[in-house]
Amino acid sequence: MALLEIRNVTRRFGDFAAVDDVSLAIEAGEFFTLLGPSGCGKTTLLRMIAGFDLPDGGAIVLDGKDLAGDPPERRPVRTVFQSYALFPHMTVAGNVAFPLKMAKVGGAETDRQVWAALEGVQLAGKADRYPHELSGGQKQRVAIARALVTKPRVLLLDEPLAALDAKLREQLQLELINLQKDVGITFVYVTHDQTEALALSHRIAVMNHGRVEQLDEPSRIYGFPRTRFVADFIGHCNLFDGVVAASAPSGGGSLVDLDVAGLGRIRTLTQASVPAGSKGSVAVRPEKVRISSSVTQGADDNHCAGHIRDFLYMGDVTMYVVEATGGQRVEALLANSEAGRTKFFEAGDAVEAAWRFDAGHFIPG
Amino acid sequence: MRWKPRGGSMPGTSSPAEGAGVSASGARHPSWQARDRGTGRWLVSGPPLAYLLVFFAIPALIMVVASFTPPGEYGGLAPLFEDGKANLTLEAYERLAGDPIYWEVFAKSVVYAGITTLCCLVLAYPLAMLVARSPRKYRDLLMLLVILPFWSNFLIRVYAWMIILGPQSALSRAVNAVVEPLGFEPVSLLFSSFAVLVGLVYVHLPFMVLPLYANLEKHDPALLDAAQDLGANAWQRFWRVTFPLSLPGVWAGAALVFIPALGIFAIPDILGGTEDTLIGNLIKQQFLETRDWPFGSVLSIVLTAIALALAGLAAWVSRPRRTA
Amino acid sequence: MKRSWALYAAAVAGYLFLYVPLVIVVVYSFNDSRLNAEWVGFTFDWYRRLFANDEMIQAAVNSLAIAAVASLVSTVLGTMAGFAMHRYRSRLLPVLVLTPIAIPEILMGVSLLLFFVLLNFTLGIVSVTLAHIAFCIGFVAIVVRSRLAGMDESLTEAARDCGATPAQAFRLVTLPLIMPAVIAGALMAFTLSIDDFVITFFTAGAGTQTLPLQIYSMIKISVTPEVNAVSTLLMLLTLVLIVLASKLAPGALRTS
């Protein structure tokens, strides 16, 4: 049985359903991420798990026990707030000791556990400082130490790295992964940052308009987005809309030929069977698209002729926008791996864009 | 993967809008607090609510009822119930409606309050502007200096003008030294409408400075630079940019000056002559001297109505709108 | 930014207008003359007479006692009101808290006079104190509420999250954080009470004197520099209280 079960949870604010009939099962020891844009309901869901908000419908079950009747202070979950929410009138040690004091842990035992928790986040030396004397990263670590000191069943993290700069964020991401491994506590992590979600999580639930669009491992979320929204929200994606011309079973799924306006016939893979005549899109990641000035592709590749319309040089990579002869735009990403070269093509160059049929992925609808 | 030009979800650049959005609708009144409401809410809001009901709302209601009763035989109020039936009358209202003298007093009060408001605006504007454009570290101190006199006793501030305008004061002597050789009667500055207005302006000035400052301080200095860049001179920059943007502050200040100035009685009492009877003096007279409480109540209710209507108007005019 | 000399001149004139009258009162309180007309010589005489004036001493004692009780009670009630206005959506409470501040003072004075007389409540120190509490609540509530509004809401949630009950969260987190505002509110209430004239005038009855009432009757009957002396002392007291309050809660005084 899953550690934390979200069963058909709904939360409305007036007419607006912030969380709309969401069901999730989060396993013990998992690093689980709720990912989505602003207003998708991820924070509302997190607040309902913490007990700051109550569902209008459905149940939140932890260890087989419905939490509905428990106010936040009686739930064995802890939150790391986006603003850190460190008590400004208490020292670092005072902050970390607060949950122990509330749990009526004795003095000597409190000292020992506070010390251990601060050691765990490499802040033992700052025990007597006040929060305003700490840097953003240090505050974040104190907030985590405070949340973990009483060994909760689940740690909820609400965009904990959003206020930090990029370098520090990367460093803390690594620390979070290691910390989670060490303590073995289930993390439920909320973020709008897809990079962060992909880097940290065991599993990700992508949310939009209060619903879960896709629940999967990071590589599946990125590689096989199930909906247009997921394809578009996670990373960058070419999406070609069209009508299925032919469909043949192949392996576990089917091989689909799609007529795309301005591009021609595109062959791609799908896991489910798709009837001819139905609508859908092909999702192709730009880094899977190759471009060349001559025809080199094999017979099973999709390819189209066109010219370079635009390119964006980004240092390590360059993004080319190819306009196919039919008018459709195809984005391609090339690594600038060759020494001394910053780009391979100029705007206006006649090129051919191509990708293998199994590099694409069919999204119905 | 490392870049995301369309999605707008560059880490660090996007604000935590979701958290904020949810707070706006949900976090301020999250429903775990709803559970506390039964007891916690009444434990906290009950005592002040009860106190203000007893010592503010009920007295106000009593005044409304009193305005419909006939005056008592020896002043005060007649009993509310006589011979088993309610003893209510519109007498006091009829008296107010029937005698233009009272309307003149109301009109005079409105005029005095209006002049006071205008004078305060003219005096307060440069003061507020100077403070708002001072270096940030001096602003709080300069503002404290504006407010400080307001916190000294009201009567002392009025009394100070008794000294300044008194017959033996340097100012009076100087004025009369100019006026008398020209063949005029010696003038008395004290106990005059002039003295009343000076007192009113002096006492209410900080009420105008505060909202003006609060407004002017928020102006983006780049707006003035832009206006200058586009060829506006100092005068045009003020009338076309600064002043229109400060209107909410002007209205708020006008309400904060006008409303209390309307009900004042001590300033005409101390600084004014016999003709400087304002509505406040009339009310005081009805309650303490003539002891016609029903009529005093009617006057108070009319004053309340005017004050609340003006406060509502000012709140509406200066309501927060989309700012630049 | 360029500032024109005209703005400077007008602003300096504004400050002079605010302070010269008060300075005159202070200066004449040391003037060795019965007339507030010209400087004759330095004396402490008016202060000496003040402290020999039993009526004045009694009025000062009354004022201090009223202000002490009124500020204490209104701070407790005002803090509750400010907290309730911040936390709960209520229509009635803000109206009751803010209207007494928004309408001319005389209205509250006369309505309380009616109220006390109809209840056969003897006018005196007690009625004045009750009245002062009623109008001070609003000022305290505003200061406390603005402090709460500036406080990170998640601090309270964090306290609950760490296992605190609502009462513990208030006592251990919210209250310590709003304490400067509470103290500033108390000092404001004390100042408002000790300085109040209008409401006191209607609710004190014939036999009770406070410092403002005493000053009023003195300037109505005969102006002597004793008024200057008592005014100077009163201003000094106010100054100390207000500077203290503004140190504790910067910006608190502006919200009134």
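In this text, all values refer to a predicted model and were calculated from it rather than measured experimentally. (Residues numbered from 1 in each chain as written. Chains lettered and ligands numbered in written order. Predicted model: local features only at pLDDT ≥ 70, side-chain atom pairs only at ≥ 80, totals over all residues. Heavy atoms only, no water.)

**Concerning the overall build of chain B**
- Scanning chain B from N- to C-terminus turns up 13 helices and two strands.
- The buried share among the 324 residues of chain B stands at 52%.
- For chain B, contacts bridging at least 24 residues in sequence account for 68% of all contacts bridging at least 6.
- For chain B, the exposed area adds up to about 15,500 Å²; of that, 67% sits on carbon and sulfur atoms. (Helix = DSSP H or I, 4+ residues; strand = E, 2+ residues; numbered from the N terminus. Buried < 20%, exposed > 50% of the residue type's maximum accessible area, 1.4 Å probe, protein only. Contact = heavy atoms within 4.5 Å. Areas by Shrake-Rupley, 256 points an atom, 1.4 Å probe, with all protein chains shown as cover.)

**Some details on the pairing of strand S3 (residues 31–35) of chain A**
Residues and elements named next belong to chain A.
- Within S3, five of the five residues are buried, leaving the element largely enclosed by the surrounding structure.
- Alternating residues of S3 divide into Phe31, Thr33 and Leu35 and Phe32 and Leu34, and every residue in both groups is buried.
- As paired strands, S3 and strand S8 (residues 186–191) are joined by five bridges and run parallel to one another. Within the sheet, the bridge partner assigned to Leu35 lies in S8 and is Thr191.
- Bridge count between S3 and strand S9 (residues 203–208): four bridges; the pairing is parallel. (Pairing = 2+ DSSP bridges.)

**Remarks on the sheet that holds strand S20 (residues 361–364) of chain A**
All names here are of chain A.
- As summarised here, the arrangement of the five strands in space is S13-S12-S11-S14-S20, forming an open sheet in which the pairing is antiparallel. Edge positions in the sheet fall to strand S13 (264–270) and S20, since each of these pairs with one other strand and no more. Across the sheet, the mean angle separating the axes of adjacent strands is 45° when strand polarity is ignored.
- Relative to S13, strand S12 (residues 253–260) runs antiparallel, the two sharing seven bridges. By the bridge assignment, Val256 is partnered in S13 with Thr268. (Axes fitted to C-alpha atoms, helices over the stretch in contact; angles between N-to-C directions.)

**Brief notes about the interface of chain A and chain C**
- Taken together, the contacts link 21 residues of chain A with 18 residues of chain C.
- Note on chain A versus chain C: buried area summed over both sides is about 1,600 Å², and carbon and sulfur give 62% of it.
- On the chain A side of the contact with chain C, A:Glu73, A:His89 and A:Met102 bury the most area, a combined 34% of that side's loss.
- Along the contact surface separating chain A from chain C lie two salt bridges.
- The closest approach of N and O atoms between C:Glu157 and A:Arg47, which form a salt bridge, is 2.7 Å.
- Elements that contribute at least two residues to the side of chain A that touches chain C include exactly helix H1 (42–50), strand S6 (77–80) and helix H2 (92–102) of chain A.
- Considering only residue class, the side of chain A that touches chain C consists of 14 nonpolar, three polar and four charged. (Buried area = accessible area lost by both parts, 1.4 Å probe. Salt bridge = Lys/Arg side-chain N within 4 Å of Asp/Glu carboxyl O. Nonpolar A, V, L, I, M, F, W, Y, C, P; charged D, E, K, R; others polar.)

**Some points on the packing of helix H6 (residues 154–165) of chain B against helix H11 (residues 225–248) of chain C**
- Contact pair H6(B) / H11(C): the axes reach a minimum separation of 11 Å and the direction vectors enclose 140°. Compared by their axis directions, H6(B) and H11(C) come out oblique. For the pair H6(B) and H11(C), the sense of crossing is left-handed. Each of B:Ile156, B:Tyr159 and B:Ile163 in H6(B) lies in contact with H11(C), whose residues at this interface are C:Val227, C:Asn228, C:Ser231, C:Leu234 and C:Met235.
- Partitioned by chemical class, the residues of the contact of H6(B) with H11(C) number six nonpolar, two polar and no charged. (Parallel < 35°, antiparallel > 145°, perpendicular 65-115°, else oblique. Left-handed = near helix turned anticlockwise from the far one by under 90°.)

**A closer look at the domain arrangement of chain A**
All names here are of chain A.
- For chain A, the assigned domains are domain 1 (4–232) and domain 2 (236–364).
- In this structure, domain 1 and domain 2 have C-alpha centres spaced 38 Å apart.
- At the interface, 11 residues of domain 1 touch 10 residues of domain 2.
- Per-residue buried area on domain 1 facing domain 2 is highest for Tyr222, Arg228 and Ala231; these three make up 58% of the total on that side.
- Inspection of the domain 1/domain 2 interface yields one salt bridge.
- Two residues, Arg228 and Asp241, come together in a salt bridge whose shortest N-O distance is 2.4 Å.
- Counting across the domain 1 and domain 2 interface gives five residue pairs in polar contact (both at pLDDT 80 or more).
- Secondary-structure elements contributing two or more residues to the side of domain 1 that touches domain 2 are helix H7 (218–223) and helix H8 (228–233).
- Top contributing element to the side of domain 1 that touches domain 2 by residue count: H7, with four residues. (Domains from an automatic or database assignment. Polar contact = N/O pair within 3.5 Å; in protein donor to acceptor, adjacent residues only side chain to side chain.)

**Description of the nonpolar core**
- Within the largest apolar cluster, 209 residues are counted, with the highest numbers of intra-cluster contacts made by A:Leu45 and C:Phe197.
- Ranked by residue count, the leading element in this core is helix H8 (residues 193–217) of chain B, at 16 residues.
- Ranked by size, the runner-up nonpolar core spans 34 residues in total, among them A:Leu86, A:Ala93, A:Ala117 and A:Leu123. (Core = buried A, V, L, I, M, F, W, Y, C linked by side-chain atoms within 4.5 Å.)

**Describing the pairing of strand S14 (residues 279–284) of chain A**
Residues and elements named next belong to chain A.
- Of all six residues making up S14, five are buried, and the element is well covered by its neighbours.
- Pairing geometry for strand S11 (residues 238–250) and S14, over six bridges, is antiparallel. Paired with Asp241 across the two strands is Ser281, which belongs to S14.
- As paired strands, S14 and S20 are joined by four bridges and run antiparallel to one another. If you follow Val282 over to S20, its bridge partner there is Phe362.

**Describing the pattern of salt bridges**
All names here are of chain A.
- Evaluated as defined, the whole model comprises 23 salt bridges over all chains.
- Residues Arg203 and Glu30 are paired through a salt bridge, measuring 2.3 Å at the closest nitrogen-oxygen approach. Residue Arg203 is found in strand S9, and its partner Glu30 is found in the loop between strand S2 (16–26) and S3; the two are separated by 173 residues along the sequence.
- A residue is classified by how much of its surface remains accessible, and Arg203, at 21% relative accessible area, is partly exposed.

**A word on empty space enclosed by the protein**
Residue and element names in this part refer to chain C.
- Within the structure shown, the criterion is met by four cavities of 30 Å³ or more.
- One number sums up the size of the largest cavity: a volume of about 60 Å³.
- Mapped by element, the contributors of at least two residues to the lining of the largest cavity are helix H3 (54–87) and helix H7 (153–161).
- If one sorts the elements of the lining of the largest cavity by residue count, H3 sits on top with three residues.
- Looking at the lining of the largest cavity residue by residue, the class counts come to three nonpolar, three polar and three charged. (1 Å grid on protein atoms, 1.4 Å probe; cavity = no way out; pocket = protein on both sides within 12 Å on 5 of 7 lines; lining within 4 Å. Points joined across faces, edges and corners; volume = space filled by probe spheres on them.)

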